[in-house]
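Coordinate inspection notes
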Amino acid sequence: MSNLRFDLVIKNAQIADPLSPHVHQTLDLGIADGRIARLGNSLEGTEYIDAEGAWLSPGWVDLYAVCPDPGEEWTEDLTHLANAAAHGGFTDVCVLGGKQPHSDQTSVVRYIRDFRGAHSRLHPLGSSTLGLAGKDLDVLFDMQQNGAVAFTNGNTPLHDHGMMMRLMQYAGQRNLVLYQFCLDNGLAGTGTVHEGPNATLLGLKGIPSIAEEVAVAACIRIAEYLNLPVHISRISCAESVALIREARVQGLPVSADVAALNLRLDDSMLETFDTNLKLMPPLRAAMDKQALIEGLLDGTIAAVVSNHQPRNQEQKLVEWDYASFGANTLQVVAACLGASAELKPEHWVQLLAHGPRKILGWEQVIIEPGMPADLTLFDPAATLMPSPSQNKSKSMNNPLWGMPCTGTSLLTIKEGRIIAQNR
Amino acid sequence: MNRLLSTRHLLGIRELNREDLDLIFETADNFKNLLNSKIKKVPSLRDTTIANIFFENSTRTKVSFELAEKRLSADVVNFSTSGSSVSKGETLIDTVKNILSMKVDMVVMRHPVPGACVFLAKHIEVPVINAGDGTREHPTQALLDAYSIRERLGGVAGKKVVIIGDILHSRVALSNIFCLQKLGAEVMVCGPATLLPRHIASLGVHVETDVRKALEWADVANVLRIQLERQDIRYFPSLREYTLNFGINKSLLDGLNKKPVIMHPGPINRGVELSSDVADGSEAIILDQVENGVAVRMAVLFLLSQKIDNN
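Quick caveat: nothing in here was measured; it's all calculated off a predicted structure.

Secondary structure assignment for chain A yields 12 helices and 18 strands. For 423 residues, the compact-globule estimate of 2.2 N^0.38 gives 22 Å, and chain A sits close to it at 21 Å. Each of the three principal axes of chain A carries a C-alpha extent, and together these read 70 × 45 × 45 Å. Across the 423 residues in chain A, those meeting the buried criterion constitute 62%. Sequence separation of at least 24 residues holds for 74% of the intrachain contacts in chain A that already meet a minimum separation of 6. Here chain A carries 31 positive and 46 negative side-chain charges, and the mean point of each set is 3 Å from the other.

So, in structure tokens, the structure goes:
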């Protein structure tokens with residue numbers, strides 16, 4: 001046995017995967033032919049990495065990132081995005097591509113499907129409504145046939161509940177994965193930040209929590225009415241967590257995810273008018289942030305997404321109202337989770353690996369022999385200061401730069417090959 | 001000992017402390033005396049160039065600033081454009097930096113976007129004075145309002161001031177709330193429920209939708225212009241309906257136990273928020289506000305120019 005030489009051996013890794021029989025053990029992991037070949041002690045390999053006790057997870061999967069390539073590839077392109085994702089710990093990223101609104105999302109889906117790069121795998125997201133306008137069904141089957149793994153309406157609220165229902169019916173008949181971004185158009189109005197005392201102090205028009213709550217409630221009720229599962233994308237307020245928790249207690253097939261920055265920042269920071277904090281969904285109150293974290297802990301929320309929305313300087317270095325929503329986040333997802341010490345390494349695996357794969361209906365990657373060697377080594381307690389010098393994305397809109405953070409991915413392995421290292 | 005403001009810019013009342021407010025008022029007292037004397041001009045800002053940059057329409061604020069600047073002997077350039085800088089294809093920073101390359105020492109800016117002056121102050125070297133930024137603040141208006149209350153009632157502390165009208169879209173309301181509270185006044189806001197920010201009470205103000213009760217409570221009523229142009233959707237059905245509910249006329253005032261001082265930042269929609277007999281009546285100090293505006297702005301410009309010298 002011990003005379004076997006593996007292509008790569010990761011030494012002294014703590015297994016964080018709750019589905020693995022080796023969870024919480026510190027072991028060597030031998031990789032051969034792109035697969036996990038063995039877990040044990042003193043394994044010999046052609047190449048070694050010493051994990052020094054860091055935690056090992058199945059490769060992380062990001063359910064939602066945006067890339068304006070093709071169309072505005074100077075802001076972000078697939079190559080840079082895949083590199084940033086790899087350095088953020090992701091082996092796989094679902095990407096809504098193309099400069100939006102795009103009239104032919106199927107061609108964008110094919111473009112992303114055919115992308116081959118040295119870093120993370122990219123999986124196309126389809127648009128659920130034409131031009132992401134929220135008004136008409138887009139060609140869901142066509143896009144699925146061309147590789148779309150799930151469908152989203154981006155940041156645009158659906159026009160009305162009728163549209164919401166037709167979309168669920170249409171996607172449901174073929175079990176397509178639909179991300180519902182819930183925001184009631186009329187209640188959200190022209191707001192740009194969370195409606196609360198901070199917005200009042202700053203004279204900024206708010207997006208009230210009720211705008212999300214009403215849409216989440218409608219979404220759950222319509223799904224129940226149609227007897228279909230539903231996935232709610234990027235919730236941001238305490239009321240949504242409560243609604244989803246209640247639905248799940250009733251046994252309804254409702255799942256949800258949350259954008260990483262909503263776990264790390266809140267609306268008390270808006271005072272600076274830093275447009276990198278202009279996000280969709282908006283940063284909400286500190287109590288919302290706490291409720292989201294509780295939702296992660298009790299399993300109400302199944303996944304954390306990057307919500308990577310790269311923007312160029314021309315879209316951000318302007319007055320607040322004229323600035324685009326979004327932040328460059330692929331490399332700071334871990335630095336968002338690390339802020340919550342209550343989240344144990346097993347939670348990280350659940351939220352970044354098992355949860356996303358389950359939502360997409362993919363086979364789980366479990367840390368045991370025979371599984372694909374898609375792995376992420378991470379340290380939830382490492383202290384760091386994200387900065388532009390580590391940035392792999394083309395865009396510069398990252399609100400965490402210069403802010404002390406906790407938590408990072410250290411090493412990302414795809415099919416047995418190291419695609420990113422952060423140390 | 002030369003007293004100085006605690007800030008380099010005047011971006012909002014929120015950033016000022018009580019000492020700043022007292023200093024501005026005492027300085028304004030001196031300038032007001034000057035404005036009522038024969039020679040209305042002083043050389044304080046000679047060799048100082050001030051750019052008045054207005055990205056939004058304004059008549060009285062612009063005139064008031066320009067007069068204040070000229071009476072301090074500053075050189076003045078005006079740049080006005082309606083619509084966003086974006087639609088003109090030039091960014092705000094570019095526009096202002098272009099003007100500053102011509103050796104300008106201070107910028108007075110009005111802009112339709114909240115926080116625009118905060119953004120600008122981060123990117124340029126010279127003092128910025130906010131002449132109104134969207135629905136955020138209009139600090140010099142609040143200063144002249146408080147100054148006028150102080151003048152009429154002998155002080156602001158302990159006075160009850162109600163701000164009536166569209167509180168949701170009003171930078172005047174927000175700056176007034178901050179200013180009056182720092183000076184020890186009690187503040188109430190009154191208007192249609194659809195035009196009261198949901199979290200306004202978090203600022204420590206009373207909230208009222210019955211204008212008669214509000215007036216009965218108040219020592220001072222600061223009546224805001226109903227700004228239909230700032231409303232993206234209908235918050236009340238018609239001006240007639242507004243006037244019926246919130247308009248202040250003589251018979252309403254006559255029915256009160258005591259009449260409050262009536263203020264208005266202008267321009268008045270006569271017959272809408274104020275009837276003419278109230279606007280022109282003995283309780284109104286609307287033209288005093290306008291007069292005091294010049295003295296208060298002179299004080300602000302003068303005090304901030306000292307900050308240039310001290311840097």
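From this point, the discussion proceeds with the structure in view.
Residue and element names in this part refer to chain A. Taken in spatial order, the four strands make up an open sheet running 10-13-14-15, and their pairing is parallel. Edge strands, defined here as strands with exactly one partner in the open sheet, are strand 10 (179-181) and strand 15 (303-305). Neighbouring strand axes in the sheet, compared pairwise and without regard to direction, differ in orientation by 35° on average. In this sheet, strand 15 lies alongside strand 14 (residues 254-259) in parallel orientation, the contact comprising three bridges. Bridged to Ala259 within strand 15 is Val305. Contacts from helix 7 (residues 209-226) reach strand 10, strand 13 (230-233) and strand 14 within the one sheet, and its direction differs from that of strand 13 by about 170°.

Below, the discussion takes up the sheet that holds strand 8 (residues 121-127) of chain A. Residue and element names in this part refer to chain A. Read from one edge to the other, the open sheet built from four strands follows the order 6-7-8-9, with strand pairing classed as parallel. Each of the sheet's edge strands pairs with one partner strand only, and the pair in question is strand 6 (60-67) and strand 9 (150-152). This sheet shows a mean twist of 35° between the axes of neighbouring strands, independent of strand direction. Those strands touched by helix 2 (residues 105-113) are strand 7 (90-97) and strand 8, and its axis lies near 170° from that of strand 8. Lying over the sheet, helix 12 (residues 345-360) contacts strand 6, strand 7 and strand 9, oriented at roughly 70° with respect to strand 6.

Our next topic: the layout of surface pockets. All names here are of chain A. By volume, the second largest pocket amounts to about 610 Å³. In this structure, the second largest pocket is lined by 27 residues; those nearest its centre are Pro229, Val230, His231, Ser255 and Ile359. If you list the elements that add at least two residues to the lining of the second largest pocket, you get helix 4 (161-172), strand 13, strand 14 and helix 12. Sort the elements by how many residues they give to the lining of the second largest pocket and helix 12 lands first, with seven residues. Taken together, the residues of the lining of the second largest pocket sort by class into 15 nonpolar, nine polar and three charged.

Residue and element names in this part refer to chain A. Within the structure shown, the criterion is met by four cavities of 30 Å³ or more. The space that makes up the largest cavity amounts to roughly 60 Å³. If you trace the largest cavity, you find it lined by Ala259, Leu261, Asn262, Leu279, Met280, Pro281, Ser306, Asn307, Gln309, Gly326, Ala327 and Thr329. Within the lining of the largest cavity, the residues separate by chemical class into six nonpolar, six polar and no charged.

Right, let's talk about the packing of aromatic side chains for a bit. Residue and element names in this part refer to chain A. Overall, the coordinates contain 11 aromatic pairs over all chains when judged by the stated rule. For the ring pair Trp60 and Phe90, a centre distance of 6.1 Å and an interplane angle of 65° mean the geometry is edge-to-face. With Trp60 in strand 6 and Phe90 in strand 7, the pair connects residues that are 30 residues apart, well separated along the chain. Residues Trp348 and Phe378 carry aromatic rings whose centres are separated by 5.1 Å and whose planes lie at 15° to one another, so their mutual orientation is stacked. With Trp348 in helix 12 and Phe378 in strand 16 (residues 375-384), this pair connects stretches of sequence that are 30 residues apart.

In this section: helix 8 (residues 238-249) of chain A. All names here are of chain A. Look at helix 8: 17 Å from first C-alpha to last across 12 residues, which is about the 16 Å you get at 1.5 Å a residue. The set of residues buried in helix 8 consists of Ala238, Ser240, Val241, Leu243, Ile244 and Ala247. Among the structural elements, helix 7, strand 13, strand 14 and helix 9 (286-297) are those in contact with the buried residues of helix 8. Positive backbone phi, approximately 90°, marks Gly251, located one or two places after helix 8.

Here we take up the interface of chain B and chain A. With 29 residues of chain B at the contact, the number on the chain A side is 20 residues. Between chain B and chain A, roughly 2000 Å² of surface is buried when both sides are summed, and carbon and sulfur atoms account for 61% of that area. The interface formed by chain B and chain A includes two salt bridges. When the shortest N-O distance is used, the salt bridge between Arg198 of chain B and Glu195 of chain A registers 4.0 Å. Our enumeration of links across chain B and chain A arrives at five residue pairs in polar contact (both at pLDDT 80 or more). For the side of chain B that touches chain A, the secondary structure elements donating two or more residues are helix 3 (92-100), helix 4 (116-123) and helix 6 (171-182) of chain B. The element that contributes the greatest number of residues to the side of chain B that touches chain A is helix 4 of chain B, accounting for five residues. Grouping the constituent residues of the side of chain B that touches chain A by class yields 15 nonpolar, nine polar and five charged.

This next bit is on the nonpolar core. Counting residues in hydrophobic clusters, the biggest one holds 110 residues, and the most contacted among them are Leu122, Met168, Ile220, Ile232, Val304 and Leu337 of chain A together with Val107 of chain B. Here the element with the most residues in this core is helix 7 of chain A; it accounts for eight residues. Split by domain, the residues of this core number at least three in each of domain 1 (5-56 + 369-380 + 405-421) and domain 2 (58-360) of chain A. Not counting residues up to four positions away in its chain, the partners in contact with Val304 of chain A are Val258, Ala260, Leu263, Leu296, Val333, Leu337, Leu351 and Leu352 of chain A. Listed in part, the 63 residues of the second largest apolar core include Ala142, Leu144, Ile177 and Leu301 of chain B.

All names here are of chain A. As for its placement among the helices and strands, Glu72 is situated in the loop between strand 6 and helix 1 (78-87). Classification of Glu72 as buried rests on a relative accessible area of 8%. The spatial distance from the C-alpha of Glu72 to the C-alpha of Arg311 is 9.8 Å, given a sequence separation of 239 residues. Filtering out sequence-adjacent residues up to four positions away, Glu72 remains in contact with Lys99, Asn312 and Gln315. Within the local environment of Glu72, its side chain forms a polar contact with the side chain of Thr75, the two groups lying 2.8 Å apart. A polar contact of 3.2 Å, which involves the side chain of Glu72, links it to the side chain of Gln315.

Overall, the prediction assigns chain B a mean pLDDT of 93, with 95% of residues at 70 or greater. Note on the complex model: pTM 0.95, ipTM 0.92.

About the thresholds
- Residues numbered from 1 in each chain as written.
- Chains lettered and ligands numbered in written order.
- Predicted model: local features only at pLDDT ≥ 70, side-chain atom pairs only at ≥ 80, totals over all residues.
- Heavy atoms only, no water.
- Helix = DSSP H or I, 4+ residues; strand = E, 2+ residues; numbered from the N terminus.
- Rg over C-alpha atoms; globule rule 2.2 N^0.38 Å.
- Buried < 20%, exposed > 50% of the residue type's maximum accessible area, 1.4 Å probe, protein only.
- Contact = heavy atoms within 4.5 Å.
- Lys, Arg positive; Asp, Glu negative; His and termini not counted.
- Charge placed at Lys NZ, Arg CZ, Asp CG, Glu CD.
- Pairing = 2+ DSSP bridges.
- Axes fitted to C-alpha atoms, helices over the stretch in contact; angles between N-to-C directions.
- 1 Å grid on protein atoms, 1.4 Å probe; cavity = no way out; pocket = protein on both sides within 12 Å on 5 of 7 lines; lining within 4 Å.
- Points joined across faces, edges and corners; volume = space filled by probe spheres on them.
- Nonpolar A, V, L, I, M, F, W, Y, C, P; charged D, E, K, R; others polar.
- Phe/Tyr/Trp six-rings, centres within 6.5 Å; stacked < 30°, edge-to-face > 60°.
- Expected span 1.5 Å × (residues − 1).
- Buried area = accessible area lost by both parts, 1.4 Å probe.
- Salt bridge = Lys/Arg side-chain N within 4 Å of Asp/Glu carboxyl O.
- Polar contact = N/O pair within 3.5 Å; in protein donor to acceptor, adjacent residues only side chain to side chain.
- Core = buried A, V, L, I, M, F, W, Y, C linked by side-chain atoms within 4.5 Å.
- Domains from an automatic or database assignment.
- pLDDT = per-residue confidence, 0-100.

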